[in-house]
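Single-letter residue listing:
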Amino acid sequence: AGEIEKGNIDVAIHHQANDETGRLADAFRGITNSLRTLVTDMNDMASASSEGRLTVRGDADKHHGAFGDLIRGVNDIVDRVVQFLDTLPVTTLTFNPDGDVQYINKAGVAMLGLEDANVIGMNCNACKNLDECETENCGFAKAKETKDVETGEMRFENHRGEHLDVAFSDVPLLNEKEEVNGGFE
């Protein structure tokens with residue numbers, strides 16, 4: 001119990017008995033299993049967010065009581081961030097290290113002239129109709145290389161045939177090892 005209190009949820013509980021102590025040992029095994037599942041789900045949600053996958057939510061129904069409430073609370077936080085991003089009047093999108101779109105806000109969908117469902121998973125260069133993507137002129141390629149914010153301007157033709165001049169900022173999304181997980185533009 002002391003190890004669990006300190007956050008060690010990988011502690012092995014070997015006691016087996018058909019008495020009160022055995023029932024307590026069973027309860028502690030159940031608690032540590034619930035906590036391991038909760039920590040795994042929370043880490044998965046944190047990784048998804050840090051990779052720009054803002055559509056990922058935890059499954060609160062597989063957790064009981066306050067554990068499910070915690071997952072619902074984190075889901076609500078991500079929902080509110082996405083809601084905020086969706087209200088911005090400028091294009092906001094995230095992509096994985098290969099340049100595949102993971103999230104795009106409503107202004108971005110409108111600017112590109114595409115349907116929302118068609119954009120997620122699409123490669124950045126295909127959705128923007130650009131030859132510059134993944135070349136030395138690509139803001140995200142530069143941001144991946146420098147691991148720093150890259151800014152610039154570009155002209156492109158959207159999927160409605162409109163020619164647009166846009167300014168951009170590309171931010172690399174880094175994991176705890178400082179490796180590029182994706183990008184935010």
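Shown above is the structure to which this text applies.
Residues numbered from 1 in each chain as written. Predicted model: local features only at pLDDT ≥ 70, side-chain atom pairs only at ≥ 80, totals over all residues. Heavy atoms only, no water.

Whenever I open this one, the overall build of the protein chain confuses me. Can you help?
Assigned secondary structure in the protein chain consists of 7 helices and 5 strands. Along the protein chain, helices and strands appear, N-terminal first, in the series α-α-α-β-β-α-α-α-α-β-β-β. For 185 residues, the compact-globule estimate of 2.2 N^0.38 gives 16 Å, and the protein chain exceeds it by more than 25% at 22 Å. For the protein chain, the spread of C-alpha atoms along the three principal axes comes to 75 × 30 × 20 Å. Sorting the 185 residues of the protein chain into buried and exposed places 35% on the buried side. Counting only contacts in the protein chain whose residues sit at least 6 apart along the sequence, the fraction spanning at least 24 positions is 43%. Per element, the accessible surface of the protein chain, about 10,900 Å² overall, is 51% carbon and sulfur. (Helix = DSSP H or I, 4+ residues; strand = E, 2+ residues; numbered from the N terminus. Rg over C-alpha atoms; globule rule 2.2 N^0.38 Å. Buried < 20%, exposed > 50% of the residue type's maximum accessible area, 1.4 Å probe, protein only. Contact = heavy atoms within 4.5 Å. Areas by Shrake-Rupley, 256 points an atom, 1.4 Å probe, with all protein chains shown as cover.)

I keep staring at the environment of G52 and nothing clicks. Help me out?
In this fold, G52 is placed in the loop between α2 (20-50) and α3 (65-87). Classification of G52 by relative accessible area gives buried; the value is 1%. Not counting the four nearest positions on each side in its chain, G52 is found in contact with T94, Q102, Y103 and L173.

What is the right way to read helix α7 (residues 139-146) from this model?
It helps to recall that an α-helix has 3.6 residues per turn; residues three or four apart then point in one direction. Among all positions in α7, only G139, F140, A141 and A143 are buried. Of the surrounding elements, those touching the buried residues of α7 are β1 (93-95), β3 (150-157), β4 (163-174) and β5 (180-184). Count one or two residues on from α7 and you reach K147, which has phi positive near 55°.

What exactly am I supposed to notice about the environment of E51 here?
Structurally, the position occupied by E51 is in the loop between α2 and α3. Accessibility expressed as a relative area gives 24% for E51, which makes it partly exposed. The spacing of E51 and G30 is 21 residues in sequence and 32 Å in space, taken between C-alpha atoms. Excluding residues that lie within four positions of it along the chain, E51 makes contacts with F95, Q102, L173 and N181.

Would you take a moment to explain the packing of aromatic side chains for this structure?
The geometry of two aromatic rings is summed up by the distance between their centres and the angle between their planes. Summed over all chains, the structure comprises 1 aromatic pair. On the basis of an interplanar angle of 65° and a centroid distance of 4.4 Å, the ring pair of F95 and F140 is categorised as edge-to-face. Of this pair, F95 sits in strand β1 while F140 sits in helix α7, placing them 45 residues apart in sequence. The burial state of F95 is the same as that of F140; both residues are buried. (Phe/Tyr/Trp six-rings, centres within 6.5 Å; stacked < 30°, edge-to-face > 60°.)

Where do I start with α3 in this structure?
The terminal C-alpha atoms of α3, which comprises 23 residues, lie 33 Å apart, in line with the 33 Å expected from a rise of 1.5 Å per residue. Those residues of α3 lying buried are G68, I71, V74, N75, V78, V82 and L85. (Expected span 1.5 Å × (residues − 1).)

For this particular structure, what's the right way to read the nonpolar core?
In globular proteins that are soluble, nonpolar side chains generally tend to be buried together. Within the largest apolar cluster, 17 residues are counted, with the highest numbers of intra-cluster contacts made by V101, I104 and L112. Taken together, the elements giving at least two residues each to this core come down to β1, β2 (101-104), α4 (106-112), α6 (124-128), α7, β3 and β4. (Core = buried A, V, L, I, M, F, W, Y, C linked by side-chain atoms within 4.5 Å.)

Where do I start with the pattern of salt bridges in this structure?
Charged atoms that come close allow side chains of opposite charge to pair. Tallying each qualifying case throughout the model produces 9 salt bridges. A salt bridge links D79 to R57, with the nearest nitrogen and oxygen atoms 2.6 Å apart. Pair noted here: D79 is in helix α3 and R57 is in the loop between α2 and α3, with a separation of 22 residues, a long-range link. Judged by its relative accessible area of 34%, D79 is partly exposed. Residue classification places R57 among the partly exposed residues on the basis of a relative accessible area of 29%. In this structure, the salt-bridge partner of R72 is D69, at a minimum N-O distance of 3.0 Å. (Salt bridge = Lys/Arg side-chain N within 4 Å of Asp/Glu carboxyl O.)

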